[in-house]
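# Architecture and fold: a report
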There are 2 protein chains.
Amino acid sequence: MAPVHVATSAGQYPIHIAPGRLQHVADSVPANATRLVIISNPVVDGLYGNALRQALADLNKPVFTIIVPDGESFKSLDTLNTIYDRMLSEKLDRRAVILALGGGVIGDMAGFAAATYMRGIRYMQIPTTLLAQVDSSVGGKTAVNHPLGKNMIGAFYQPVSVDIDIHVLRTLPAREVSAGLAEVIKYGLILDRAFFEWCESNVAQLVALDADTLAYAIARCCELKAQVVSADEKETGLRAILNLGHTFGHAIEAGLGFGTWLHGEAVACGLVQAAVLSGKLLGLSAADIERVRALVRAIGCPDIAPDLGEDSWLDFMQGDKKTEGGEIRYVLLPAIGQAVVQAAPLNLVQETLSETVGDIAIDRSAVQTRDMTATQA
Amino acid sequence: MAPVHVATSAGQYPIHIAPGRLQHVADSVPANATRLVIISNPVVDGLYGNALRQALADLNKPVFTIIVPDGESFKSLDTLNTIYDRMLSEKLDRRAVILALGGGVIGDMAGFAAATYMRGIRYMQIPTTLLAQVDSSVGGKTAVNHPLGKNMIGAFYQPVSVDIDIHVLRTLPAREVSAGLAEVIKYGLILDRAFFEWCESNVAQLVALDADTLAYAIARCCELKAQVVSADEKETGLRAILNLGHTFGHAIEAGLGFGTWLHGEAVACGLVQAAVLSGKLLGLSAADIERVRALVRAIGCPDIAPDLGEDSWLDFMQGDKKTEGGEIRYVLLPAIGQAVVQAAPLNLVQETLSETVGDIAIDRSAVQTRDMTATQA
């Protein structure tokens, strides 16, 4: 498959998508890199670290690995600081290159370390979760969380390459697959009605990780994301539509505590909530809202939001980065395949919350959407 | 005086230089700013905070002030974190604008907070020390220190404006004036022999803070820096020459502990050391080396370096951000007014150290270079 290219202010970079791509990552390493730093977590490093180091061996460049704890709660300034400590102790210079091997937590944090180490060094994204492959590894959004909000400290800082190996998804827990598919659906909803319908028709194969079906879906998502990022690298306009479902979703994550629901699960639920609000404000049809809800269910994600209490909901949404002058701005759907960003009257938001919040089990850790031996968790 | 303009990848920004400019800072505030955040330290806020807030009053925008402790040792990730905490608690959005009111420590740290808060918001530099006015406030280098090295964590992130009020220098301690003049001399050494000679001729007026002399010197430094930054925003080439004296200087600062010598004092000494090494490696004449030393003395800065021990010297210099593949790269002078960046044979560096290090008083806190009532310290 030909690489997808992302155009940015600093040039363009390629996204390589292929089964077994991990074995060919050396092709993406900049020739003048002095040293290579793999940043990963214990589980992913255990599964793919050696394969990656083997793939890099022929380059004859020193490689060392920094392992950080697994999970959203460790995507923090404290963990970042341990990365800085290691890199400075090793006297890594400005021509060192970071390789982010893992999901969104690793990619966001390693990317932010690259953005800020000695005022910026190069980094490569090697995403190992579906969510990271279709979304977070592309586009240069890097960040860590803060107790007062998710991704509040970060930078726009583009990688030099993204290398996506579809085979690594075979070790992904079912729950993570479902969470990743939420972002896949999102691209159809905001930009490509035909792709949304393709997802409806192929949802069984997607959930079952059929390689060809997945390869098509990942490539289409990367193409759509590359178009948006190339048009608006720093989210001054168009790019905000990529946050469909995220205003509600971030409130769920923050309200329950980061990591209780996976990011993609919270976004999936947020897609339903954004569709409901779109119905009230922009006339999205009841049938289309139902299609969104049905597809969210079909991928194994929650479509009923946790009851955080109305004040908490509004407070957490207020802290969203799209807020301007105290006004919460929502990504909304006039129709499936089209998105706009705008404020919404408080009463319609309140109605949306009352209709989408329910009495549900908050703990999703036992959820299994398909039968598999899951090890990358 | 017409503003100096700095061209960057994201457009250009003005540097306004005038006596009393503080009263006109409102002219530089972006029209669509939602809220204004002054970041300062207790001393500078006490001297100029109210004047600034008064100058902003007519804009009718909410203004709040974050005070951080004074001094290089507080230019840390910990202090940065307290800034994030305050900004997030206040729910500042992406259209908030930071005003950095202070010297280099405030400017670097407030700039880095702006670079990383919600992936980047706008900021204005209002430098109140000579060093910040001629150097650190222009060009978008932002950073905090790390126990293992100065300015190791940071970003290239340009301000939207720089407002320089020459009157505020009247409250600057003599030692700070001397330190700032070290960077003034630096511009002559690397880029403009005529300006270096002008400094030699006008050193008495500079040290005495004569307003017209200072205004010319500050404007010339800003012009020279703007040219370099516009040509090489992210220090991939030319811009590294601005670090003349800084490889040695950073070792002094790190070796003695940040804040023992002022940054400019360490750089001044580093200018002499770079000149001595330039003599050995590039044939800079003994007479020119002596002129550098004489001018460093005339501005009241140290020209003899502290004895850190050779291993410590090399170790601290090794950690410099210009190091590539383990090789320390020095900014050197083939002649006064010209600079190159290159490696140097170890034996010549050792000779330079042995000739420039001496038995000197490390404590410079009692140093006074002119008679004045100093309060901005």
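As recorded in an unreviewed UniProt entry, chain A goes by the name 3-dehydroquinate synthase, listed as coming from Advenella mimigardefordensis. Listed in UniProt under the heading Sequence similarities (unreviewed entry), the comment for chain A reads: "Belongs to the sugar phosphate cyclases superfamily. Dehydroquinate synthase family." According to its UniProt record, chain A has this under Subcellular location (unreviewed entry): "Cytoplasm".

This paragraph deals with helix 9 (residues 263-282) of chain B. Relative to the 28 Å expected for 20 residues at 1.5 Å per residue, helix 9 of chain B spans 26 Å between its end C-alpha atoms, a close match to the ideal helical length. Of all the 20 residues making up helix 9 of chain B, 16 are buried; the element is thus mostly covered by neighbouring parts of the structure.

Residue and element names in this part refer to chain A. Per the domain assignment, the segments of chain A are domain 1 (4-171) and domain 2 (174-356). The distance between the C-alpha centroids of domain 1 and domain 2 comes to 25 Å. Facing 31 residues of domain 1, the contacting portion of domain 2 comprises 34 residues. With both sides pooled, the region where domain 1 packs onto domain 2 buries about 2,700 Å², and carbon together with sulfur makes up 69% of that total. When residues of domain 1 are sorted by the area they lose upon contact with domain 2, Leu-130, Val-134 and Lys-150 head the list and together hold 23% of the total. Summed over the shared surface of domain 1 and domain 2, the result is four salt bridges. Counting every contact that joins domain 1 to domain 2 gives ten residue pairs in polar contact (both at pLDDT 80 or more). Grouping the amino acids of the side of domain 1 that touches domain 2 by side-chain chemistry returns 14 nonpolar, twelve polar and five charged.

Each partner contributes to the interface: chain A provides 38 residues, whereas chain B provides 38 residues. Between chain A and chain B we count four salt bridges in total. Here Lys-91 of chain A makes a salt bridge to Asp-315 of chain B, at a shortest N to O gap of 3.5 Å. Taken together, the links from chain A to chain B amount to ten residue pairs in polar contact (both at pLDDT 80 or more). Looking at the side of chain A that touches chain B, the elements with two or more residues in it are helix 2 (77-89), helix 3 (104-116), strand 7 (141-146), strand 8 (149-156) and helix 11 (310-318) of chain A. When grouped by side-chain class, the residues that make up the side of chain A that touches chain B number 13 nonpolar, 14 polar and eleven charged.

What follows deals with the pattern of salt bridges. All names here are of chain B. Scanning all chains against the criterion turns up 52 salt bridges over all chains. Across the salt bridge formed by Glu-197 and Arg-291, the nearest N and O atoms sit 3.4 Å from each other. Of the two residues, Glu-197 is situated in helix 6 (residues 193-207) and Arg-291 in helix 10 (residues 286-298); the sequence distance between them amounts to 94 residues. By relative accessible area, Glu-197 is classed as partly exposed at 32%. Residue class for Arg-291 comes out partly exposed when judged on its relative accessible area of 24%.

Reading the values: rules and limits
Residues numbered from 1 in each chain as written. Chains lettered and ligands numbered in written order. Predicted model: local features only at pLDDT ≥ 70, side-chain atom pairs only at ≥ 80, totals over all residues. Heavy atoms only, no water. UniProt positions renumbered as here; feature names shortened; annotations may be inferred. Helix = DSSP H or I, 4+ residues; strand = E, 2+ residues; numbered from the N terminus. Expected span 1.5 Å × (residues − 1). Buried < 20%, exposed > 50% of the residue type's maximum accessible area, 1.4 Å probe, protein only. Domains from an automatic or database assignment. Contact = heavy atoms within 4.5 Å. Buried area = accessible area lost by both parts, 1.4 Å probe. Salt bridge = Lys/Arg side-chain N within 4 Å of Asp/Glu carboxyl O. Polar contact = N/O pair within 3.5 Å; in protein donor to acceptor, adjacent residues only side chain to side chain. Nonpolar A, V, L, I, M, F, W, Y, C, P; charged D, E, K, R; others polar.

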